[in-house]
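Each chain, letter by letter, is given below.
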Amino acid sequence: MSPDTTRAAAPSAMAPFGHRAFTLLWVATVVSNIGTWMNDVGAGWLMTELSPSPLMVAAVQSATTLPVFLFALVAGALADIVDRRRLLLTVNLAMALAATLLAILVQFGLMTPSLLLLFTFLFGTGAAFMAPAWQAVVPALVPRSELSSAIALNSMGINVSRAIGPALAGVLIVAAGLAAPFAVNAASFVAILAALLWWRPHAEEKTGLPPERVFGAVRLGLSFAAASRPLRATVTRAAAFFIFASAFWAMLPLIARDVLAGGPTLYGLLMGAVGAGAVLGALALPVLKARWGADGTVAAGTIGTALVLVLLAVVPVQGVALAAAAVAGVSWIAVLSSLNVSAQTALPDWVRARGLSIYLTVFFGAMAMGSLLWGQVAASFGISGALLVAAAGALAMLPLVTRFRLSEGAAINHVPSMHWPAPILFDGADAAKGPVIIRVEYRVGAPERAAFAQLMTELSSSRRRGGGYRWTLMQDAADPNRFVEEWLEGSWLDHQRHHARVSEADRALQQKIAELLGLDASPPAEHFLTPRLSP
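Just so you know, the residues in each chain are numbered from 1, in the order the chain's sequence is written. With pLDDT at 70 or above as the cut-off, local features in this predicted model cover only qualifying residues; side-chain atom pairs require 80 or more to be listed or tallied, and sums for whole chains, interfaces and linings still use all residues. Side-chain metrics rest on all non-hydrogen atoms present in the structure, leaving aside hydrogens and water.

Enquirer: I keep staring at the packing of helix α2 (residues 20-50) against helix α10 (residues 264-314) and nothing clicks. Help me out?
Expert: The description of two helices packed together rests on the angle between their axes and the distance between the axes. Here α2 crosses α10 at 140°, and the two axes come no closer than 11 Å. The angle between α2 and α10 falls in the class oblique. Handedness of the crossing formed by α2 with α10: right-handed. In contact with Trp37, Val41 and Trp45 of α2, α10 contributes Pro264, Tyr267 and Met271. Between the N-to-C directions of two axes lies an angle of 0 to 180 degrees, each axis being a line fitted to C-alpha atoms and, for a helix, fitted only over the stretch in contact. In this text, helices come from DSSP runs of H or I with a minimum length of four residues, and strands from runs of E with a minimum of two, each type numbered from the N-terminal end. If an angle is under 35 degrees, it is roughly parallel; if it is over 145, roughly antiparallel; if it lies from 65 to 115, roughly perpendicular; otherwise it is oblique. Left-handed is the label given to a crossing in which the near helix is rotated counterclockwise from the far helix by less than a right angle, and right-handed is the label when the rotation is clockwise. Throughout, a contact is declared for two residues whenever any of their heavy atoms are within 4.5 Å.

As structure tokens, then:
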């Protein structure tokens with residue numbers, strides 16, 4: 001099927017493979033992720049030999065995920081304001097060098113528990129700086145109509161690598177020693193570095209404005225997230241799931257070793273079963289989402305995960321554990337893909353990496369804190385006790401979060417409208433100094449006030465998503481029909497960026513307000529600068 005055909009009709013699950021850049025980067029990422037999963041299996045199993053306590057083994061998972069929680073916001077801001085391809089090349093090269101050093105240390109028996117946690121933390125830091133950029137480039141590789149399919153394929157690719165990497169790591173550990181999976185991981189970075197060197201993304205349209213500063217960009221990303229109902233709903237659902245699902249990943253090495261009395265081969269097979277289940281789940285996902293929707297699919301995945309935790313706790317049989325691991329993979333991909341699509345569709349391009357970094361911060365923060373929590377619970381009450389408590393918590397959380405609906409952002413048109421007229425500055429105005437006040441006046445009769453108040457509540461969120469703060473709506477004490485809307489922005493430059501980012505959805509909302517008030521267009525805005533009164 002040609003790319004033109006896939007765009008003309010409803011896109012199939014495989015439509016993104018009609019685009020060469022997507023296909024090449026997907027394949028390279030799968031190869032690299034195979035190495036990553038081999039490294040994770042090797043690190044988890046190596047820790048069981050260096051320090052086999054539940055808390056130390058769970059700490060490996062925390063050291064992997066904690067850096068994303070710590071650094072993802074800064075990484076997302078960087079990915080929105082610098083060249084994403086260059087950022088990805090730099091980080092992947094640094095990780096390749098670290099992976100090579102790790103393999104050498106393991107080969108020569110120089111590894112210690114503390115050193116292993118340090119390297120794991122470094123790899124997690126690399127992942128933290130890559131993840132927002134990787135996810136943010138996906139919309140540039142495929143048409144918008146194929147975005148959901150591309151996200152699902154990326155999730156499937158991760159789990160294809162999960163199906164291959166862990167099983168291969170288990171075999172290599174037995175056949176060639178613990179250094180082997182670390183060495184293969186170092187070599188796997190060649191694929192992704194070569195693909196990134198080949199890829200030449202389309203040049204983005206320039207606004208003529210200087211790039212944002214990192215911490216200002218972080219602040220604006222947080223402001224957008226706080227004012228975006230679809231993104232807030234997504235991160236809430238993510239936290240509710242991952243804090244309990246983390247018990248599966250944190251305890252799996254100990255389940256293989258202590259509960260099932262197995263070795264690295266069994267651990268690799270369990271991880272491979274998870275990956276195989278995830279691949280099957282990705283193929284079935286379009287049918288599941290068409291039948292249940294995003295919310296129903298996440299609920300089903302949560303119930304499936306709870307069932308897996310119970311089975312692993314009460315039925316310590318290797319065959320049952322392998323089947324349960326496959327169910328865990330199906331459940332994981334159902335939840336992860338649904339949440340990822342929900343986050344992507346909630347975000348316009350200009351804040352995409354920052355918004356995704358906030359989602360990833362919640363995701364990995366929940367995984368890191370959950371891993372430490374379940375490691376401590378297992379140390380006190382046993383592995384089975386920790387799994388049962390986590391299963392009960394996941395099920396108890398479901399009815400509490402159903403009001404947070406997923407994928408509401410899919411109906412929002414984020415395309416910049418460019419409909420705001422350029423503001424006028426007097427000659428000699430010092431636009432670089434201090435915050436800016438923007439004021440809009442409305443004439444509202446008594447019959448329209450209830451509808452006006454509701455629309456203005458929505459408009460306040462729109463202003464905040466664009467970088468506004470201290471938004472107020474005031475009524476004139478002497479004239480009840482006169483209302484004044486006012487908000488601040490950090491600088492005149494920030495307000496110019498807001499002009500470039502206001503969306504078609506914002507335009508539609510402002511048009512509703514104008515029509516309610518019998519106007520042809522929104523009332524004009526006034527702008528007030530911070531004055532420089534001294535000579």
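Picking up after the structure, the text goes on.
Enquirer: How should the sheet that holds strand β2 (residues 469-475) be read in this particular structure?
Expert: In any sheet, the strands associate via hydrogen bonds between backbone groups, in a parallel or an antiparallel arrangement. Pairs of strands are assigned from DSSP output, requiring at least two bridges between the strands. Spatially, β2-β3-β1-β4 is the arrangement adopted by the four strands of the open sheet, whose pairing is antiparallel. If you trace the sheet from one side to the other, it starts and ends with β2 and β4 (525-529), each paired once. Between one strand axis and the next, the sheet turns by 20° as a mean value, whatever way the strands run. Note: strand β1 (residues 436-443) against β4, five bridges, orientation antiparallel. What sits directly across from Arg439, in β4, is Glu526. Its contacts with the sheet put helix α14 (residues 449-465) on β1, β2 and β3 (482-489), and the angle it makes with β2 is roughly 165°.

Enquirer: Would you take a moment to explain the pairing of β2 for this structure?
Expert: Each regular strand shows side chains that alternate between the opposite faces of the sheet. Across five bridges, the pairing between β2 and β3 is antiparallel. Bridge assignment links Thr472 to a residue of β3, and that residue is Glu486. Counted along the chain from β2 to the antiparallel partner β3, the turn is six residues long.

Enquirer: Would you explain the pairing of β3 in this entry?
Expert: Think of it in three bands: with a 1.4 Å probe and only protein chains considered, a residue is buried below 20% of the maximum accessible area for its type, exposed above 50%, and partly exposed in between. For β3, the tally of buried residues reaches six of eight residues, placing the bulk of the element in the interior. As defined by bridge partners, β1 adjoins β3 across eight bridges and the pair is classed as antiparallel. Within β3, the position partnered with Val440 by the bridge is Glu485.

Enquirer: How should I be thinking about unusual backbone geometry in this particular structure?
Expert: A positive phi is found at Ala261, a non-glycine position, where the angle reads about 55°. Inspection of the secondary structure puts Ala261 in the loop between α9 (229-259) and α10. Even without being a glycine, Ser407 presents a positive backbone phi close to 60°. Along the chain, Ser407 falls in the loop between α13 (383-401) and β1. A relative accessible area of 22% places Ser407 in the partly exposed class.

Enquirer: Help me understand the packing of aromatic side chains, please; the structure alone is not making it clear to me.
Expert: Geometrically, a pair of aromatic rings is defined through the distance of the ring centres and the angle of the planes. Aromatic rings from Phe, Tyr and Trp, taking only the six-membered ring of Trp, are treated as a pair when their centres fall within 6.5 Å; an angle between ring planes under 30 degrees marks them as stacked, one over 60 as edge-to-face, and anything in between as tilted. Inspection of every chain in the model, using the stated rule, returns 16 aromatic pairs. With 6.3 Å between their ring centres and 45° between their planes, Phe244 and Trp374 make a pair best called tilted. Within this pair, whereas Phe244 is found in helix α9, its partner Trp374 is found in helix α12 (residues 352-381), the two being separated by 130 residues in sequence. As far as the burial class goes, Phe244 and Trp374 line up, both buried. Pairwise contacts between aromatic rings join Phe241, Phe242, Phe248, Trp249, Trp332, Tyr359 and Phe363 into one cluster.

Enquirer: Any chance you could explain the nonpolar core here in plain terms?
Expert: The tendency in soluble globular proteins is for nonpolar side chains to be buried as a group. In this structure, Phe242, Phe248, Trp332 and Tyr359 are the most contacted members of the largest nonpolar core, which totals 134 residues. Excluding residues that lie within four positions of it along the chain, Phe248 makes contacts with Val274, Val308, Leu309, Leu312 and Ala328. Residues belong to a common nonpolar core when they are buried Ala, Val, Leu, Ile, Met, Phe, Trp, Tyr or Cys residues joined through side-chain atoms within 4.5 Å. Ranked by size, the runner-up nonpolar core spans 16 residues in total, among them Leu455, Met456, Trp471 and Trp492.

Enquirer: Looking at this structure, I do not really get a nonpolar patch on the surface. What am I missing?
Expert: Candidates for patches are residues over 30% relative accessible area with no salt bridge; among them, like charges are joined within 9 Å and nonpolar side chains (Val, Leu, Ile, Met, Phe, Trp, Tyr) within 5 Å. Accessible surface is estimated by sampling points in the Shrake-Rupley manner with a 1.4 Å probe; for residues, cover comes only from the protein chains shown. Within this document, salt bridges are pairs made up of a side-chain nitrogen of Lys or Arg and a carboxyl oxygen of Asp or Glu, the two lying within 4 Å of each other. A cluster of nonpolar residues, Met14, Leu280, Leu283 and Val330, forms a patch on the protein surface that exposes about 360 Å² of accessible area. Looking at where Met14 falls in the secondary structure, it is placed in the loop between α1 (3-8) and α2.

Enquirer: What exactly am I supposed to notice about the side chain of Arg501 here?
Expert: Residue placement: Arg501 occurs in helix α15 (residues 492-501). Setting aside chain neighbours within four positions, we find Arg501 in contact with Glu212, Leu220, Trp350 and Arg354.

Enquirer: Would you take a moment to explain the packing of α9 against α10 for this structure?
Expert: Put simply, α9 and α10 touch, their axes get as near as 8 Å, and they point 160° apart. Judged by the inter-axis angle, α9 sits roughly antiparallel to α10. Crossing geometry of α9 relative to α10 is assigned as right-handed. Here the residues of the contact of α9 with α10 sort into 20 nonpolar, three polar and two charged. By the convention adopted, Pro, Cys, Tyr, Trp, Phe, Met, Ile, Leu, Val and Ala count as nonpolar, Lys, Arg, Asp and Glu as charged, and the other residues, Gly among them, as polar.

Enquirer: I tried to follow the confidence of the model for the protein on my own but got confused; where do I start?
Expert: Atom-level detail of predicted coordinates should not be read off regions where pLDDT is low. In the predicted model, the protein carries a mean pLDDT of 86, and the fraction of residues at 70 or more is 93%. pLDDT expresses, on a scale from 0 to 100, how confident the predictor is about each individual residue. With pLDDT under 50 throughout, residues 1-10 is counted as low confidence; its partners more than four residues away or in other chains account for ten contacts.

Enquirer: I would appreciate a short explanation of the pattern of salt bridges in the present structure.
Expert: Side-chain pairs of opposite charge can arise whenever the charged atoms involved come near each other. Within this structure, the stated rule accounts for 17 salt bridges. For Arg482, the salt bridge goes to Glu441, with nearest N and O atoms at 2.6 Å. Placement of the pair is Arg482 in strand β3 and Glu441 in strand β1, with a sequence separation of 41 residues. For Arg482, the salt bridge goes to Asp476, with nearest N and O atoms at 2.9 Å. For Arg482, a relative accessible area of 26% gives the class partly exposed.

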